[in-house]
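Each chain, written out:
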Amino acid sequence: MEPNLLILAGTSEATALARVAAERGLNGVVSFAGRVERPLRQPLPQRIGGFGGVDGLICFLRKASITHVIDATHPFAVQMSRNAVAACARAGVPLLALTRPEWQAGPGDRWQHVTDIPGAVLALDRPRATVMLAVGRMHLADFAPNPQHRYLLRLVDPPKGPLPFPDAEVLVDRGPFEEAADRALMERHGIEIVVSKNAGGTGAYAKIAAARALGLPVIMIDRPTPPARLEVHDVAQVFDWLAHSGTDLGV
């Protein structure tokens with residue numbers, strides 16, 4: 001049986017998987033949630049937007065004749081992951097998650113762990129500081145209760161509408177980033193606190209390494225608990241899984 005993959009994307013791992021799948025001549029669709037206005041072009045056909053919950057995803061799986069689903073979404077896109085588990089179970093489609101290990105604090109790190117975005121907002125309820133807020137465009141409004149700070153915002157896309165705090169600078173840029181460049185960025189802007197999701201991987205780790213080098217505290221937002229599913233951590237393991245499911249992977 002030749003596979004027809006649905007790759008739930010949003011990470012560099014998803015792009016790497018799509019590239020290898022295309023090189024092997026496999027069929028598939030790369031799906032983005034639509035939160036980023038300029039997603040990277042993929043070597044496989046791509047779609048943008050939600051499915052309409054579990055029922056909508058089941059409908060898509062059947063109409064597109066999907067044989068396997070690989071969930072390579074961002075670790076904080078937990079609702080999509082839950083929907084994928086439920087939809088695949090009901091549709092009888094095998095599901096695998098391609099995940100990245102979370103970052104671990106090491107010597108020199110000054111992390112304050114919080115469980116979610118509201119926890120990070122509460123942690124910033126303190127006197128004025130210069131904050132590098134690296135949580136994505138969708139969560140900016142959540143930090144409106146702390147207008148006393150000066151914020152540096154690094155975003156993939158420009159913010160829509162006015163910012164929810166009066167003193168902020170926006171940098172529109174896309175990773176991967178380098179530690180030396182992030183360290184220079186923090187020094188140039190006088191950063192005193194970094195706020196980050198525990199995204200894992202290498203592409204966004206530069207700011208964490210730079211904060212360590214500069215002795216800066218990091219408010220680290222812990223990952224939500226993912227649903228129970230089979231997980232692997234690299235692209236080669238995905239193709240091992242496909243091969244063991246009796247699919248024809250070509251040359």
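This text goes with the structure placed above it.
What this report covers is the structure whose coordinates are included nearby. (Residues numbered from 1 in each chain as written. Predicted model: local features only at pLDDT ≥ 70, side-chain atom pairs only at ≥ 80, totals over all residues. Heavy atoms only, no water.)

Helix and strand counts for the protein stand at seven helices and 12 strands. Rg of the C-alpha trace for the protein: 20 Å, near the compact-globule value of 18 Å for 251 residues, within the 12% margin. Look at the contacts in the protein between residues 6 or more apart in sequence, and 65% of them connect residues 24 or more apart. Just so you have it, the protein exposes about 12,000 Å², and 54% of that area is on carbon and sulfur atoms. Distance from the positive charge centre (26 side chains) to the negative charge centre (25 side chains) of the protein: 4 Å. (Helix = DSSP H or I, 4+ residues; strand = E, 2+ residues; numbered from the N terminus. Rg over C-alpha atoms; globule rule 2.2 N^0.38 Å. Contact = heavy atoms within 4.5 Å. Areas by Shrake-Rupley, 256 points an atom, 1.4 Å probe, with all protein chains shown as cover. Lys, Arg positive; Asp, Glu negative; His and termini not counted. Charge placed at Lys NZ, Arg CZ, Asp CG, Glu CD.)

A few words now on helix 7 (residues 235–244). If you check which residues of helix 7 are buried, you get Val235, Val238, Phe239, Trp241 and Leu242. Along the axis of helix 7, the buried residues cluster in a sector spanning 155 degrees; they form a single face. N-cap assignment for helix 7: the residue whose side-chain oxygen lies 3.1 Å from the backbone N of Ala236 is Asp234. (Buried < 20%, exposed > 50% of the residue type's maximum accessible area, 1.4 Å probe, protein only. Arc of directions from axis to C-beta. Polar contact = N/O pair within 3.5 Å; in protein donor to acceptor, adjacent residues only side chain to side chain.)

Between helix 5 (residues 179–189) and helix 6 (residues 206–214), the least distance of the axes is 8 Å, while the angle of their chain directions is 60 degrees. In terms of their interaxial angle, helix 5 and helix 6 are classed as oblique. Here helix 5 runs over helix 6; the crossing is right-handed. For the pair formed by helix 5 and helix 6, the contact residues are Glu179, Asp182, Arg183, Met186 and Glu187 on the first element and Ala206, Lys207, Ala209, Ala210, Ala211, Ala213 and Leu214 on the second. Grouping the constituent residues of the contact of helix 5 with helix 6 by class yields seven nonpolar, no polar and five charged. (Axes fitted to C-alpha atoms, helices over the stretch in contact; angles between N-to-C directions. Parallel < 35°, antiparallel > 145°, perpendicular 65-115°, else oblique. Left-handed = near helix turned anticlockwise from the far one by under 90°. Nonpolar A, V, L, I, M, F, W, Y, C, P; charged D, E, K, R; others polar.)

Within the sequence span of helix 5, burial applies to Asp182, Leu185, Met186 and His189. Mapping the buried residues of helix 5 onto a view down its axis gives an arc of 95 degrees, with all of them on the same face. Facing away from the buried side of helix 5, by more than 90 degrees, are the exposed residues Glu187 and Arg188. Tucked into the core, helix 5 has its buried residues touching strand 7 (130–134), strand 8 (150–155), strand 9 (168–172), strand 10 (193–197) and helix 6. Positioned one or two residues after helix 5, Gly190 has a phi angle of 65 degrees, which is positive.

Let us now look at the pattern of salt bridges. Taken as a whole and judged by the stated rule, the model has eight salt bridges. Between Arg100 and Glu13 there is a salt bridge whose closest N-O contact spans 3.0 Å. With Arg100 in the loop between strand 5 (95–98) and strand 6 (110–114) and Glu13 in helix 1 (residues 12–23), this pair connects stretches of sequence that are 87 residues apart. A relative accessible area of 17% means that Glu13 is categorised as buried. The salt bridge involving Arg183 is made with Glu179; its shortest N-O contact spans 3.3 Å. On the criterion of helical spacing, the pair formed by Arg183 and Glu179 is a turn pair, its members being four residues apart in helix 5. Judged by its relative accessible area of 34%, Glu179 falls in the partly exposed class. Each member of the salt-bridge network shares a partner with another, and the members are Asp71, Arg229 and Glu231. (Salt bridge = Lys/Arg side-chain N within 4 Å of Asp/Glu carboxyl O.)

Right, let's get into the sheet that holds strand 7. Two orientations exist for strands paired in a sheet by backbone hydrogen bonds: parallel and antiparallel. Read across the open sheet, the six strands follow the order 6-11-10-7-8-9; overall the sheet is parallel. Each of the sheet's edge strands pairs with one partner strand only, and the pair in question is strand 6 and strand 9. This sheet shows a mean twist of 20 degrees between the axes of neighbouring strands, independent of strand direction. Of the strand pairs in this sheet, strand 6 and strand 11 (residues 217–221) are connected by five bridges, and their pairing is parallel. For Arg110, the partnering residue across the bridge sits in strand 11 and is Pro217. In the packing of helix 5 onto the sheet, the strands contacted are strand 7, strand 8, strand 9 and strand 10, and the crossing angle to strand 8 comes to about 150 degrees. (Pairing = 2+ DSSP bridges.)

In short, geometric facts, not functional conclusions.
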